[in-house]
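# Remarks on the overall topology
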Amino acid sequence: MTNTYRDWGGAGLRGDDEEFVDMMEELRRSGDLGHSLRTFSPRPYEGERATSVSAGDLNKAVLESQYLRYIAKEIAKETGQSVEEVREDARGLMEEMSQNLQLGFIRLMGYTLSKVLKRLYTSVNVNMEGLNTLQRAVQGHPVILMPNHRSYMDFLIISYILFTYDIPLPVIAAGIRNAGMKMVGEILRRSGAFFIRRAIGSDKLYWAVLSEYVKTIVRTGIAPLEFYVEGLRSRTLKSQVPKLGMMHMVLEPFFKGEVYDITLVPISISYERVLEESLLAHELLGVPKPKESTTALLKATKVLQEDYGSMHVNFGRPLSVRQLCQGRIDRCRFNLIPRDLPQEPSAEAQACVSWLAHLMVRIQEDGSLISPWSLMACLLLQAPATVLTEEGLPWQQLTNKTLWLRKLALDFGARLNWPGQVPDCDVMSSTVALHRSMVHLKAERLYLVLDQEPARKSPVSPEEGALRVAAPVLMLASYRNQCVHVFARPAMLATAIQVAKTTQRDELFTVFRFLQDVFSHEFIFITEESSQDFEEACLLLKKCGAVHVSQQEVTVSEAGLEVLSFLRALLQPFIDSYQVMFRYLCENGEHVFQEQRVLPAVRNFATKLILSGELHTYEALSSDTQKNVLLALRRLDAVTKSRPSGQNEYRVNKEAVRRIGDMLSGKIPPQMLHTLPDARL
Amino acid sequence: MATNSGNGGSDRQRVAQQRLRIIAGHLRRPEDGNSAILAAEECKGHVSEKTDASSEGKTVPRRRQEIMKWNGWGYSDSKFLFNKNGQAEFTGKRYRLSGMIIPALKDWFEGTFGANVHHKSPATPIVTSSAVQPPNLNEAFVEALKSTGIPFSIDAEDRLFRGHGHCLNEIFALREGKVGRVPDLVVWPNCHDDVLKIVELACKHNVCLIPYGGGTSVSSALECPPEETRSIVSLDTSQMLNESGYCTGHEPDSMEFSSLGGWVSTRASGMKKNVYGNIEDLVIHIKMVTPKGVIEKSCQGPRLSTGPDVHHFILGSEGTLGVVTEVTMKIRPLPEYQKYGSVVFPNFEMGVACLREVARQRCAPASIRLMDNTQFKFGHALKPQVSSLFTSFLDGLKTFYITKFKGFDPNRLCVATLLFEGGREKVLQHEKQVYDIAAKFGGLAAGEDNGQRGYMLTFVIAYLRDLGMDYYVIAESFETSVPWDRVLDICRNVKARIVYECKDKGVQFAPLSSCRVTQTYDSGACVYFYFAFNYRGLSDPVHTFEQVEHAAREEILANGGSLSHHHGVGKLRKKWMRDTVSTVGLGMLKSVKDYVDPDNIFGNRNLL
C-alpha cells in the first residue's frame, strides 16, 4: 500500500559514512577567477523533448499555450475585456516573472560569490555522494531542487555548487521583492531567478501564467527547477509548514502523465551562524523588516566583515514522485478533461500533494547538520533569564550538559556538525567565540549579550528593558530551533506523560495527538502518520533508557528523569506562549480581532506578564509564535478567519479556546478534536 | 501478396485478388431468407467442396493441424529461422517475403536483445496425445449430438487446437509441451440450424459451449475456465462460411485466419477502417443463437431509432451470449486503384501532429500508420537480400540523411506508411493533399516501396515472435485508443514503464519497447505497443512477462487510454472492466447475460 515517511525518510538519506567536501579548500587553491572561467559542461536532461529552449522560447510557449488561451477567454468573458487585452496583461505578467538564465552571469555571480564565501565562511561543505547521484538524476526525469530556506545565502549557493560540479543550472522561484532591487533584480534574473508575487490571492490570470510557466519548465525539462517548499525564508530557523501552491504546479505534469516521472531532491542547508540572525529576532519582535533594496544590501556590507563559521549543503537522495505517489493518486481521474484545460485538484490530489510537501520538509530536517551552538542554545534557554543576564551560567556546567545532550541527540539519530579531531572543550569555546554577538564568557561564566540600548538619553522603561533581553533570547531560540525537530516527538511524549498522568499507551496516544494538533504549525507532522510518530517517540525514549514500553503501557524509568525533564523543558516555552495567547483571546472582551491589532496587543499582554514574573519565556513575544497559534486554532475550528475589508479578521470561539487551554494544562482530559482539512493552496 | 512480381500495376491487381479471396472466404452469400433448410443443405454441399480446396489454403479446414502450427502462428510451412550460415530466412511460398534471406536481421536481433543464435530455446517438437487430458464427456449430450449428424470430434489434437488463442503465455506453454484444460469435444456446425440444435442440446444436457472462430484471440478468450466442471464443447464456426464476390474492406491484421463471427463478437477493427469503417459500421444484420432463442432485427434499414441498438449487445459479447450464425455486411466494389506511400518525419512528435491534422481535415487515407524510431529501425533490419521491391528506399535513406535531408537524427526520425484506395484521379489528388499536410510538419515523402513493405510486415510480424521464442526472446503486442491530446504522453510513458518494469523485475537485457499509431479518428487514435525481451536468467519468464504486461496496461489506463481498441477483454483484461464501464455499466451487461443465458451455457467467462 502507500508509503509513509519512514519508508522514504532520513534513515535512507544517511550514507553510512557520508563524505562532506569543503569547496572553499579547492577554491583557495584554484583562485576565484579560474573558478568563474571554468569550462562548464553539464550532462543535460535526456528527455524526449529536451532541445535547448531559450528563455524567450519558454515565455512564448507559455503565452501560446492552450491552457493560457483558454483562461484568457474565460477572463475576458468575466471582466468584459477583450481577449487581446487579457493576453497583453498576461504578456506583462510573464515579463515581470520570467527568468533569463545566462551562463555569463553565472560566471560573474560565481566570481563575486567566491570572494564573499571565502570571506564569510571558514568552510562550505558539500556531500559528494549526493552531488553524484544528482548528476545522474538530471539526465533522467525533470528534477526539482527543494532546499530549506534560512538565509538569503540559500538563494545562490545551490547554483554556485551546481556550476562548480558541472550540473545543469536551475531556474529558481524567488519572491518578487528581490526583483524590485535595481540591478540586483536583473542579475538574479540572469542567474536563473523567476519572480513570484507574495500575495497572489484570487488573481486568476496571475495564477494561470505562473502555473503554466512552472509546468512548462517541468514538462520540457529545460532546467532543474528550484523552489522553497516552505514558501518564505524561515524567520525562526525552524522548518515551516509547507506551502502547497507551487508543489501542486510542479506535480501536476506527473499527475496528468505529461512526464513519466519527476525527481524531487531535498536539500538541507545548515548554517553554523546565520547572516541575518539579529535582523530576524527584531522582525519577530515587531520591528518591521527593511524593504529589500540595493542600498539596504550595501549597508549590510558590514555584515561581511564577520565570521560565520561553516556551512553544510546536504543534497538528499533523489526521490521518484512516481514511486512516492503509488497508491495515493489515481491518475485516471485526470483524463476526463482535455489535457490542457484547467482542472480543480481532487481531494485525493490535495492530500497527496500535502503529504509529499510535508515529507520533503521532514527529509530536509533529517538532512540538516546540527551545530554545537544549537545544542547549547537548547540548554541556555532552559536557564532562567536572570541567570543569563545577571549571575551568568557556570561554564563547566554548560559544557558537561552540552556533552550529555550531544549523546542524546546522537541517540535520537541527529547528524551533528561536531569537529572530531578537536578536543570538546575547544569546540565549545570556539563556538562561543563565533557567537559573541549573543553570549560572552567571563570568569568561567557565560552571559547573554543584551541588545544595544536605544541612542536617546531618557531612562529605559521596563518594557524597553524586556525587549533588550527578548532580542538575544529569540536569537537563541532560533538556534535551538535548528535542532528542535530532533527532539520534538519524544518531547511531546514526555509532555503527554506529564499531562495525562497515566501510563496507558492509548491514553498517552490521545494526548500525543492532541499536542500534535495544537502544535501543528509549530513542528512538522505528517497528518496521517501520527501513530508512527508516537511509535517513534516511544522507541527513542526507550532507546535512551528513559521509559519502559510494553503492549499497554509506557512507564517512566528512574534513569530517565534527566532526559524527560530536559525534553519537557524544551517544549515548555511553546506551551507557555500558547497559553498566554489563549488567555488573551479568552479574557479580552472582544469576539472579533483584526490581525494587525491582535499581535501587538498580545505582545503587550505578554510583556506585562513577563515583567510581573508570571511568564518565564520571552518567546511569547514572537509574532511567529502568535501567528502559529492563530493557524492552529483555525485548524481546530476555534477561530474563523474572514477578510471583510481586505483585513484579516478573526472571530474567536472563546469557549473552545478555553477548553483547548485546559486540555493543554491537563485540567481536562483531551478528546479527539475536530480538525479542519488543510485546504490552503 | 503471395507472389513477388515486379510490375507495380498488375502486382497490385494480383494482391487485391488474393485479398479478395481471403475475405470472400469469410463472407456469407447474400441472404434470400426464404428457407433455412435450403440454406443448410446448400452450405453442407459447399463444405464438401471446400474440403477439397483446403490444400490451396483458401479456407481453413476442419483439421487445422493439417496446415497450421499447433504451437505457433500461422501456416506450418511459413516460418522464420536462422539458417546454417546464421542468416535469417522466411520459409514457404505464401508471402512476398517467403523464401528470402534477411541479412540484417541477425545483427539486429542479437544487438537488440543481447540474444545469440547459438543459444537456442527450442520448442517441444510434437505434442503427445497423453499430454492432453482425456475428455470429460456428457454421454447423453454426445448421444443426442450423434443423432443430429453434425460432425464432431474428441480427438486430442482437434481439442488442443481449440483450447487456446495467441497470448504469449498460451503459446509459451504449448512450446514447453504443457497443456491445460482443453475443450472435451469439438463440433462443426455447417449452418444456422445446426447451431440451433447444438445450443438446444447444450441447454438440455447442461453442457458448456465455447464458440470458436479463427483462434486468433489475444485476450485469453478461448482459455477454458479452470473452475468449469461441466463438459466443455468447442463450437467451431469455421465451416459455416460461404463465398461471395465483393469486398468488405475489413482487413484486420489477422484476417488470413480470423473469422467473421469472431470479428462481430469482439468488435474488431480493420486496417482500412477509414474507408470502410469498423465492424460496427459494416454490419447490417446479425443473427445470433442464444439459449433463450434467436435474436435478430426485423429489417435491414440502414439506421434505426428503436431504443439502444441490440446489435451492440452482440458486438463485443465475446461468445458469452450465443453464437453468431449469420451476418449481413455492407460490400463495396473492389477499389479501382491502390497506392502505397510513406513519409519520414524528423521525430515522433511531428509525426503525431501530422496525423492529428490529417484526422482533423478528415482526409486520412485508407490506412495511415506512424511507427516510432525503434520500429523504423526494426523495419530496416527486415530488409530482404535481393528484391526489386526493396532496393530503393532504405539503401538510399542512409545517404539521404547525411545529404539531402541533413538534420534528421537517425535515432529520432520516424516513418508513416500510407495506403490510398479509390478512383485513380481521386487517389492522386488525395495523395497530394496528405503529402502537403505532412510537409507542414517537416515530413518528407519517402517512396511507395517503403510503405508497401510496412504493410507486408503486418502479416508476417506474428511469425517473428516464434523466431524470437526459439532464442529466449518473448514478445507481445497490445493496443489501446486514446484522445489526440494524450497520444504523445501515453506513448512515452508506456514505453518507459515497460523499460523500468523489466529492469525492476530482473530482466537482464534492456527490452524492446516500441509503439505505433495505427488508426486515426476525429477525436483520437489507436496506438499499438510492442515489447520483447530476452528472458535468459529468469526463473519464471512468463510470470515476469505477465507482470510487465499488467503494469503496462495500468500505465495505459493512467494515461487516459482505453482498455482495448479492438482486441477485446477476454479473461486477460477482465479485472479492469468495472473501472472501465463503471459499476452500473457492468451491472447492465450482467443483467443481459443473466437474462439471455441464465445457466451460463456460454460459459467461457469472458468480459464480465
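Residues numbered from 1 in each chain as written. Chains lettered and ligands numbered in written order. Predicted model: local features only at pLDDT ≥ 70, side-chain atom pairs only at ≥ 80, totals over all residues. Heavy atoms only, no water.

## Quick look at the overall build of chain A
Keep this limit in mind: The helix count covers DSSP runs of H or I at least four residues long, the strand count covers runs of E at least two residues long, and both are numbered beginning at the N terminus. Every radius of gyration here is taken over C-alpha atoms, with the globule rule written as 2.2 Å times N^0.38, N being the number of residues. Type-normalised accessible area, obtained with a 1.4 Å probe on protein chains alone, sets the label of each residue: buried when under 20%, exposed when over 50%, and partly exposed for intermediate values. Every residue pair with non-hydrogen atoms within 4.5 Å of one another is taken to be in contact.
On a plain count of helices and strands, chain A comes out with 29 helices and 19 strands. Radius of gyration (C-alpha) of chain A: 25 Å, near the 26 Å computed for a compact globule of 681 residues. With respect to the three principal axes, the spread of C-alpha positions in chain A is 65 × 60 × 60 Å. Put simply, chain A has 681 residues, and 57% of those count as buried. Taking all contacts inside chain A whose residues are at least 6 apart in sequence as the whole, residues at least 24 apart take part in 78%.

## Examining the sheet that holds strand β10 (residues 323-329) of chain B
Residue and element names in this part refer to chain B. Our working rule: At least two DSSP bridges between two strands are required for those strands to pair. Here an axis means a line fitted to C-alpha atoms, over the contact stretch when the element is a helix, while the angle between two N-to-C directions is reported on a 0 to 180 degree scale.
Here three strands make up an open sheet; going across it, the order is β9-β8-β10 and the pairing antiparallel. A strand with exactly one partner marks an edge of an open sheet, and here the two such strands are β9 (293-295) and β10. Across the sheet, the axes of successive neighbouring strands diverge by a mean angle of 15 degrees, strand direction being ignored. Alignment of strand β8 (residues 283-290) against β10, held across six bridges, turns out to be antiparallel. Looking at the pairing, Met288 lines up with Val324 of β10. Contacts between helix α7 (residues 192-205) and the sheet are confined to β8, β9 and β10, with β8 contributing the most and set at about 35 degrees to the helix.

## Quick look at the packing of helix α3 (residues 23-30) of chain A against helix α8 (residues 103-120) of chain A
Residue and element names in this part refer to chain A. Selection rule: Between 65 and 115 degrees an angle is taken as roughly perpendicular, under 35 as roughly parallel, over 145 as roughly antiparallel, and anywhere else as oblique. Here a crossing is called left-handed whenever its near helix is offset anticlockwise from the far helix by less than a right angle, and right-handed whenever the offset is clockwise. Residues are grouped as follows: Ala, Val, Leu, Ile, Met, Phe, Trp, Tyr, Cys and Pro are nonpolar; Asp, Glu, Lys and Arg are charged; all remaining types, including Gly, are polar.
Across the interface, α3 lies against α8 with an axial gap of 11 Å and an inter-helix angle of 120 degrees. Relative to α8, the element α3 lies oblique. Like other packed secondary-structure pairs, α3 and α8 cross with a definite hand, here left-handed. Across the interface between the two elements, Met24, Leu27 and Arg28 of α3 pack against Ser114, Leu117 and Lys118 of α8. The class makeup of the residues in the contact of α3 with α8 is three nonpolar, one polar and two charged.

## Some details on the confidence of the model for chain B
Residues shown with low pLDDT carry predicted positions that ought not to be read at fine detail. Residue and element names in this part refer to chain B. To keep it simple, the criterion reads: In predicted models, pLDDT denotes the confidence assigned by the predictor to each residue on a 0 to 100 scale.
Considering every residue of chain B, the mean pLDDT works out to 86; 86% of them sit at 70 or more. Low pLDDT (under 50) marks residues 1-9, which in the prediction has 24 contacts with non-local residues, meaning those over four places away or in another chain. Across residues 25-58, confidence stays below pLDDT 50; counting only partners more than four residues off in sequence or on other chains, it has 49 contacts. Note on the complex model: pTM 0.89, ipTM 0.87.

## Here we look at the interface of chain A and chain B
Under the convention used in this document: Two parts lose some accessible area (1.4 Å probe) when they are put together, and adding that loss for both gives the buried area. For this analysis, a salt bridge means a side-chain nitrogen from Lys or Arg found within 4 Å of a carboxyl oxygen belonging to Asp or Glu. Identification of polar contacts relies on pairs of N or O atoms within 3.5 Å, with a donor-acceptor requirement for protein atoms, meaning one able to donate a hydrogen and the other able to accept it, and with residues adjacent in sequence counted only if both atoms are side-chain atoms.
Every contact between the two is made by 18 residues of chain A and, on the other side, 15 residues of chain B. Together, the buried faces of chain A and chain B total about 1500 Å²; carbon and sulfur atoms form 37% of this surface. Across the contact surface, chain A and chain B share three salt bridges. Linking chain A to chain B there are 14 residue pairs in polar contact (both at pLDDT 80 or more). Looking at the side of chain A that touches chain B residue by residue, the class counts come to six nonpolar, five polar and seven charged.

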